[in-house]
Amino acid sequence: MPVLPGAEPFRHEGGEVGVLLCHGFTGSPQSLRPWAEHLAEHGMTVSLPLLPGHGTRWEDMQVTGWQDWYAEVDRELRTLGERCGRVFVAGLSMGGALALRLAAKHGDAVSGVMVVNPANRVHGLSAYALPVARHLVRTTKGIASDIAKPGSSELGYDRVPLHAAHSLRNFFRRLDGELPQVTQPLLLLRSPQDHVVPPADSARILGRVSSTDVTEVLLEQSYHVATLDHDAHRILQESVSFIDRLAPGLVKDPGPVKEPDPVTEPGLGKEGTVAGG
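Owing to the predicted nature of the structure, the values given are computational and were not obtained by experimental measurement.

Asker: I'd like a rundown of the environment of Asp231, residues and numbers included.
Answerer: Note on placement: Asp231 falls in the loop between strand S10 (214-218) and helix H8 (232-246). Taking the C-alpha atoms as reference points, Asp231 and Lys149, separated by 82 residues in sequence, lie 9.3 Å from one another. Not counting chain neighbours up to four residues away, the residues in contact with Asp231 comprise Leu219, Glu220, Gln221, Ser222 and Ala226. A polar side-chain atom of Asp231 sits 2.8 Å from the main-chain amide nitrogen of Gln221.

Asker: I'd like a description of unusual backbone geometry, backed by residues and values.
Answerer: One non-glycine residue, Thr26, adopts positive backbone phi at about 70°. Here Thr26 is to be found in the loop between strand S2 (17-22) and helix H1 (33-41). For Ser93, which is not glycine, the phi torsion reads 60° and is therefore positive.

Asker: I'd like a rundown of the confidence of the model for the chain, residues and numbers included.
Answerer: Here the chain averages 89 in pLDDT, while 84% of its residues score no lower than 70. Confidence over residues 262-277 falls short of pLDDT 50; this stretch has 78 contacts with residues more than four positions distant or in other chains.

Asker: Lay out helix H6 (residues 162-178) with the relevant residues and their values.
Answerer: When the terminal C-alpha atoms of H6 are compared, their 25 Å separation across 17 residues agrees well with the 24 Å that a helix rising 1.5 Å per residue should span. Counting buried residues along H6, 12 of its 17 residues qualify, which places the element largely inside the surrounding structure. All of the buried residues along H6 are Leu162, Ala164, Ala165, His166, Ser167, Leu168, Arg169, Phe171, Phe172, Leu175, Asp176 and Glu178.

Asker: A description of helix H7 (residues 199-208) should follow, citing residues and the corresponding values.
Answerer: Of all the residues in H7, the buried ones are Asp201, Ser202 and Ile205. Each buried residue of H7 sits inside an arc of 95° when the element is viewed along its axis, so together they form one side. Lining the buried residues of H7 we find helix H4 (94-106) and strand S9 (186-190).

Asker: Outline the packing of aromatic side chains, listing residues and values.
Answerer: Taken as a whole and judged by the stated rule, the model has four aromatic pairs. Taking 6.3 Å as the distance between ring centres and 70° as the angle between the ring planes, the aromatic pair formed by Phe88 and Phe242 counts as edge-to-face. You can see Phe88 sitting in strand S4 (residues 86-92) and its partner Phe242 sitting in helix H8, a full 154 residues away along the chain. Within the aromatic cluster, the residues linked to one another by ring pairs are Trp66, Phe171 and Phe172. Looking at Arg101, its charged tip hangs above the ring of Tyr70, at a distance of 4.6 Å from the centre.

Asker: Please provide a residue-by-residue account of the sheet that holds S9, values included.
Answerer: Read from one edge to the other, the open sheet built from seven strands follows the order S1-S3-S2-S4-S5-S9-S10, with strand pairing classed as mixed. Edge positions in the sheet fall to strand S1 (10-12) and S10, since each of these pairs with one other strand and no more. Across the sheet, the axes of successive neighbouring strands diverge by a mean angle of 15°, strand direction being ignored. Looking at chain direction, S1 and strand S3 (residues 45-48) are connected through three bridges and run antiparallel. Along S3, the bridge assignment pairs His12 with Val46.

Basis of the calculations
- Residues numbered from 1 in each chain as written.
- Predicted model: local features only at pLDDT ≥ 70, side-chain atom pairs only at ≥ 80, totals over all residues.
- Heavy atoms only, no water.
- Helix = DSSP H or I, 4+ residues; strand = E, 2+ residues; numbered from the N terminus.
- Contact = heavy atoms within 4.5 Å.
- Polar contact = N/O pair within 3.5 Å; in protein donor to acceptor, adjacent residues only side chain to side chain.
- pLDDT = per-residue confidence, 0-100.
- Expected span 1.5 Å × (residues − 1).
- Buried < 20%, exposed > 50% of the residue type's maximum accessible area, 1.4 Å probe, protein only.
- Arc of directions from axis to C-beta.
- Phe/Tyr/Trp six-rings, centres within 6.5 Å; stacked < 30°, edge-to-face > 60°.
- Lys NZ or Arg CZ within 6 Å of the ring centre and 35° of its normal.
- Pairing = 2+ DSSP bridges.
- Axes fitted to C-alpha atoms, helices over the stretch in contact; angles between N-to-C directions.

This is the structure:
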């Protein structure tokens, strides 16, 4: 199936600092493209892949699972590692969980981790029903565009395939046991008003990682998809400062940051996610 317009992966060849960005469950690179472009403007080598089963139609996602999604970002990380001297991983929601697992598994090959509203589990009664429900019902309604900013939306599915949601639940449970292996500097940005991932997920992650260099930033004006919301600038600025501190002298200064306009600039579509996604 052809990729939806706007959901295409993004790659930029830059300098010695590489950044791998991971998008969320049922979403697409569109939700992180402004972030990726900003990092590229600062001279970094950037990879923002499209995860298997995403960015086309929900039926394609129904036959994929967490092993497929993780394998994609794992390959991208290894490629960046061959190209760059310092590599950082980042992600939104489930993408944040993928980034944390990359850090846990790759150790010193990852210089730092940046996550926005990272997910740690699938919440609610639906989580317990998934093992059976996925054999009876193919999909459930997605949770699309949890964004406070008028005119900004997210590109993704309006249905959540339950087989994929069950796999996501299994992934979160596995990752929870691996979080103590995360030792790298960690930048965690979260929205107090998040209608998809509750604050308990970030608290759980912060309580289980072994990182000693931890920065937590509150995104007071944004909902779940903060990368396309009012606090998007804060994410851009904090992430560049974080990387510059850990890789001094390797980050380019392109000049003043211009606020993205959701009407005139691309990369502002719509994503559906499942709770915890």
